[in-house]
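Close look at the chain arrangement
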Amino acid sequence: MDFGRTQEQESIRSAVRSLCAQFPDEYWRELDRASEYPEKFVRALTDAGWLAALIPSEFGGAGLGLAEAALIIEEINASGGNAAVAHAQMYTMGTLLRHGSVEQKRRYLPKLAKGELRLQAFGVTEPEAGSETTRIKTTAVRRGDRWVISGKKIFISRAKYSDLLLLLARTTPYDELTDKTQGLSVFIVDLRDAIQRQRIVVRPIETMFNHHTTELFIDELEVPAEDLVGTEGQGFRHIIDSWNAERILIASESLGDGRWFVDHAAKYASERVVFGRPIGANQGVQFPLAQSHARLEAASLMRDKAAWLFDGGRKCGAEANMAKLLASQAAWDAANAAMDAYGGYGFAREFDVERKFRETRLLLTAPVSNNLVLAYLGQNVLGMPRSY
Ligand SMILES: Cc1cc2nc3c(=O)[nH]c(=O)nc-3n(C[C@H](O)[C@H](O)[C@H](O)COP(=O)(O)OP(=O)(O)OC[C@H]3O[C@@H](n4cnc5c(N)ncnc54)[C@H](O)[C@@H]3O)c2cc1C
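Conventions used here
- Residues numbered from 1 in each chain as written.
- Predicted model: local features only at pLDDT ≥ 70, side-chain atom pairs only at ≥ 80, totals over all residues.
- Helix = DSSP H or I, 4+ residues; strand = E, 2+ residues; numbered from the N terminus.
- Rg over C-alpha atoms; globule rule 2.2 N^0.38 Å.
- Buried ≥ 20, exposed ≤ 12 C-beta atoms within 10 Å, placed from the backbone.
- Expected span 1.5 Å × (residues − 1).
- Axes fitted to C-alpha atoms, helices over the stretch in contact; angles between N-to-C directions.
- Parallel < 35°, antiparallel > 145°, perpendicular 65-115°, else oblique.
- Left-handed = near helix turned anticlockwise from the far one by under 90°.
- Contact = placed C-beta atoms within 7 Å.
- Nonpolar A, V, L, I, M, F, W, Y, C, P; charged D, E, K, R; others polar.
- Near = placed C-beta within 6 Å.
- Domains from an automatic or database assignment.
- Core = buried A, V, L, I, M, F, W, Y, C linked by C-beta atoms within 7 Å.

**As for the overall build of the chain**
Looking only at helices and strands, the chain has 13 helices and ten strands in total. Against the globule reference of 21 Å for 388 residues, the chain gives a C-alpha radius of gyration of 21 Å, in line with a compact fold. Projected onto its principal axes, the C-alpha coordinates of the chain cover approximately 80 × 50 × 40 Å. Across the 388 residues that make up the chain, the buried fraction comes to 47%.

Set out below in C-alpha cells:
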C-alpha cells in the first residue's frame, strides 16, 4: 500500500498553488462584496489547462484522472478561493466521457479544452422534486429529429457564465415506469443560443455567499436529436457517474477549505497574545484545531480511495458518499474552530474567516445534503429500511 503522492501530483499541487497565489484573499473578498463572478481567475485557470484536466489528451486536454482533478480543486480552496466557480466542467466529464458519443466528444471537448467553450452548468434540481431526482418534471418530447424540452429548474449555478448546459429531463412519464430510475435522459444544451432565443429564461437567486445560482424557465426548447447523451431513458444512471465525481470533488473543496481554516487559525492563535500568552497555548483554542486537522486527514484518505476507485472504473458510490460526508463535516468543524480562535475578528470581513465560513456551510447541503448521503449509506450499504 502506498500513501504517497506521485511526483506528477506534487508538481500539479505546486503549479496550482502558484497560480492561486496571484489571486489573494483580497481578490475573493472584493468579488464577494460586489457579488461578481471571478472571470479573471476562471480565465487564468482555463489558460493554464487546469479546467481541461479530465479531458483526454486526444481531445486536447491534460488526460489526468479524478485523483489529480481533486488535488487541483483542493488547492484552489486551500488558497482562500472557491473552486465552485468552475468545478462543473470537471464533474460533468463523468457523464460526457463515459456516455457521450465519439461525435459529441469531437464536437465539444477540443473547444472546452481550449477554453473556447465553457460547460459550467449542470441542470438537475427542480423546485417540486428537490432531492427526489426521479420526480423531476421537465419533459423532453421527441419531434422528428429534435427534442422539445419544457420545464423549470432551480439552483442551477453559473448558467450566466456557461456556454453549455448538461440537462436532465424526463422522456417517459413517471406513471408509466415500473423502475422509477428509468425514463430520464441527459442532453447537452447550447445555453447561449437558448437564452438568446428566450427558450431559456435565467433568473438569478441571491444566496448567502457569492455563488451565481439561478432558476431556469425552459419553454419549448428545441435540442437536436444528436445532443442526447448516452441512451434515452438511462439519464439517471448516466448522471450518477457525474454525481460520484462531484462528491469526490466536493470532498476536495471541503478539504481545501478545512486546511485554510486550520492553517490560518493556527497561525493567528500562535501570534495573538491575551492574558500574557498566545491564545493558542490554551487547550480550549488549540485542541479544536488539532482535532480538525486529524478529521481532515482522515477524510482525505477516504477521498483518495474514492478517487482511486473512480479512476479504475470501479464502483465507488459508497466511498464517494463517505468522502463527501466526512470532508464536509471536517471542514465545518474547522470553520467553527477557526471562528472561535479568531474571536471577534472572525466576524470582520478583512480576515476572510466569515466569507469562508459562509462558503463552507453550503457543502453540508449541496450538491447533495448529508442527510441523503447518510440515507444512501444506511439503505444501500447497510441494507436498512428505505425512506425513499
Ligand atoms: C448554492 C446552491 C447551488 C446549487 N447548484 C446546483 C446546480 O448547479 N445544479 C443542480 O442541479 N442543483 C444545484 N443545487 C441544488 C442542490 O443540489 C439541492 O438544494 C439539494 O440537492 C437539496 O435539495 P432541496 O434544496 O430541494 O432540499 P429538499 O429535497 O427539499 O430537502 C430539504 C431537507 O430535507 C431533507 N430530506 C429530504 N428527504 C429526506 C430523506 N428521505 N431522509 C432524510 N432527510 C431528507 C434533506 O436532506 C434536506 O436537509 C444547488 C443548491 C444550492 C443551495
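Still to come is the rest of the account.
**Looking at helix H13 (residues 370–381)**
Helix length check: H13, at twelve residues, gives a terminal C-alpha distance of 15 Å against a target of 16 Å (1.5 Å per residue), a fit within 8%. Phi turns positive, to about 70 degrees, at glycine 383, one or two residues after H13.

**Some details on the packing of helix H1 (residues 7–21) against helix H4 (residues 66–78)**
Between H1 and H4, the shortest axis-to-axis distance is 9 Å and the interhelical angle comes to 30 degrees. Comparing the axis directions of H1 and H4 gives the class roughly parallel. In the crossing of H1 with H4, the sense of the turn from one axis to the other is right-handed. Between H1 and H4, the contacting residues are Gln9, Ile12, Arg13, Val16, Arg17 and Cys20 on the first element and Glu68, Leu71, Ile72, Glu75 and Ile76 on the second. Looking at the contact of H1 with H4 residue by residue, the classes come out as six nonpolar, one polar and four charged.

**What to know about the site of the ligand**
In the vicinity of the ligand lie 22 residues, with Val124, Gly130, Ser131, Ser369 and Asn371 positioned nearest. Of all the secondary-structure elements, those providing two or more residues to the shell around the ligand are strand E1 (119–123), strand E3 (146–157) and H13. Both domain 2 (119–233) and domain 3 (237–381) contribute no fewer than three residues apiece to the shell around the ligand.

**Brief notes about the domain arrangement of the chain**
Entries for the chain in the domain assignment read domain 1 (7–114), domain 2 (119–233) and domain 3 (237–381). Centre-to-centre separation of domain 1 and domain 3, based on C-alpha positions: 20 Å. Counting residues at the interface gives 28 residues for domain 1 and 26 residues for domain 3. A total of ten residues in the side of domain 1 that touches domain 3 trace back to one element, the largest contributor, which is H4. Residue composition of the side of domain 1 that touches domain 3, by class: 13 nonpolar, nine polar and six charged.

**What to know about the nonpolar core**
Grouped together as the largest cluster of nonpolar side chains are 113 residues, with contacts concentrated most on Ala53, Ala69, Phe187, Ile248, Ala265, Ala323 and Ala341. At 16 residues, the largest contribution of residues to this core is made by helix H9 (residues 235–271). Here alanine 341 is in contact with Ala265, Tyr268, Ala269, Ile279, Val285 and Leu289, once residues within four sequence places are set aside.

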